[in-house]
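Understanding the architecture of this molecule
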Amino acid sequence: MKIIEVDEELYRYIASHTQHIGESASDILRRMLDFKSGQPVKAQAPETESVVLAAPVISTSAESLNPVRVIRELLLSDAYAEKNKAIDRFMLILSTLYSLDAASFAAATESMHGRTRIYFAGDEQTLLSAGKQSKPRHIPGTPYWVITNTNTGRKRNMVELIMQEMRFPTNVIEKVCSTI
């Protein structure tokens, strides 16, 4: 694979033509250009030039970080598309939400629990003490642990509640939850 840089406007245009979560930029461009693999190319780019689409670099400074944009780019990323299991997508979403706003994430998870279970905690032992079959996992890049033996609907509900607390638009919350 090669890499080409595109401006923000062109990147958004290409991304707007995504037909399914995880579709690569190459797949989108092939479809838009009606280009099939093995098809002869009229003008071949020299070997030394870059030729594959890369997402624009996102600034990570707090004031320029757009949470909705970050979540949308996560859903379109290869890293997310490669996650075949709901639990892996769930963990990646939780990790991303924490990285966007640790304080809101903490506030949302603090009171989140079921009748007998605690869903989030700062250590594995707290979750195990609330239920031996909870299968706690550490959320990468955070100080949090989450129980993982809940059904997919409960995982979606947890993400929905966190995103509501973080004030994401309803359409973004629905889109994220539908991918878990």
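Residues numbered from 1 in each chain as written. Predicted model: local features only at pLDDT ≥ 70, side-chain atom pairs only at ≥ 80, totals over all residues. Heavy atoms only, no water.

Quick look at the overall build of the protein chain
Scanning the protein chain from terminus to terminus reveals nine helices and three strands. Its helices and strands taken in sequence order, the protein chain reads α-α-α-α-α-α-β-α-β-β-α-α from the N to the C terminus. A separation of at least 24 residues holds for 59% of the contacts in the protein chain among residues at least 6 apart in sequence. Per element, the accessible surface of the protein chain, about 11,200 Å² overall, is 51% carbon and sulfur. (Helix = DSSP H or I, 4+ residues; strand = E, 2+ residues; numbered from the N terminus. Contact = heavy atoms within 4.5 Å. Areas by Shrake-Rupley, 256 points an atom, 1.4 Å probe, with all protein chains shown as cover.)

Considering the packing of aromatic side chains
Any pair of aromatic rings gets described here by the distance separating the centres and the angle formed by the planes. If you walk through the whole model with that rule in mind, you get four aromatic pairs. Taking the centre distance of 6.0 Å and the plane angle of 85 degrees together, the rings of F105 and F120 count as edge-to-face. Separated by 15 residues along the polypeptide, F105 in helix 6 (residues 102–110) and F120 in strand 1 (residues 120–121) bring together distant segments of the chain. Note on accessibility: F105 and F120 belong to one class, buried. Seen from their ring centres, F105 and Y144 are 5.3 Å apart, and the 65 degrees between their planes marks the pair as edge-to-face. Residue F105 is found in helix 6, and its partner Y144 is found in the loop between strand 2 (136–138) and strand 3 (145–147); the two are separated by 39 residues along the sequence. One aromatic cluster is present, formed by Y98, F105, F120 and Y144 through successive ring pairs. (Phe/Tyr/Trp six-rings, centres within 6.5 Å; stacked < 30°, edge-to-face > 60°. Buried < 20%, exposed > 50% of the residue type's maximum accessible area, 1.4 Å probe, protein only.)

With respect to the confidence of the model for the protein chain
Of the residues in the protein chain, 80% have a pLDDT of 70 or more, and the chain-wide mean is 80. Here helix 1 (residues 8–15) stands out as the least confident element of the protein chain, with mean pLDDT 72; helix 9 (residues 170–179) is the most confident, with 95. When the criterion is pLDDT under 50, residues 44–64 qualifies, and its contacts beyond four places in sequence or with other chains add up to 34 contacts. (pLDDT = per-residue confidence, 0-100.)

Comments concerning the packing of helix 3 (residues 67–76) against helix 9
When two helices pack together, their arrangement is given by the angle between the helix axes and the distance between those axes. Viewed as axis vectors pointing N to C, helix 3 and helix 9 meet at an angle of 25 degrees, and their least axial separation amounts to 11 Å. By the angle class used here, helix 3 and helix 9 are roughly parallel. Where helix 3 crosses over helix 9, the handedness of that crossing is left-handed. Between helix 3, through V68, I71, R72 and L75, and helix 9, the contact on the second element is made entirely by N171, V172, K175, V176 and T179. When its residues are assigned to classes, the contact of helix 3 with helix 9 shows five nonpolar, two polar and two charged. (Axes fitted to C-alpha atoms, helices over the stretch in contact; angles between N-to-C directions. Parallel < 35°, antiparallel > 145°, perpendicular 65-115°, else oblique. Left-handed = near helix turned anticlockwise from the far one by under 90°. Nonpolar A, V, L, I, M, F, W, Y, C, P; charged D, E, K, R; others polar.)

Brief notes about the nonpolar core
Core analysis: the biggest nonpolar cluster contains 37 residues, and L97, F120, V159 and F168 have the highest contact counts within it. Secondary structure elements with two or more residues in this core: helix 3, helix 5 (86–100), helix 6, strand 1, strand 3, helix 8 (152–165) and helix 9. The element best represented in this core is helix 5, accounting for nine residues. Sequence-distant contacts of V159, defined by excluding residues within four places in its chain, comprise F90, I93, L94, L97, V176, C177 and I180. (Core = buried A, V, L, I, M, F, W, Y, C linked by side-chain atoms within 4.5 Å.)

Concerning the pattern of salt bridges
Following the criterion strictly, the structure yields two salt bridges and no others. Between R69 and E73 there is a salt bridge, with the nearest N and O atoms lying 3.0 Å from each other. Note that R69 and E73 are positioned in helix 3 at a spacing of four residues, about one turn of the helix. Classification of R69 by relative accessible area gives partly exposed; the value is 23%. Judged by its relative accessible area of 13%, E73 is buried. Here R137 ties to D88 by a salt bridge, and the two come within 3.7 Å at their closest N and O atoms. Residue R137 is found in strand 2, and its partner D88 is found in helix 5; the two are separated by 49 residues along the sequence. (Salt bridge = Lys/Arg side-chain N within 4 Å of Asp/Glu carboxyl O.)

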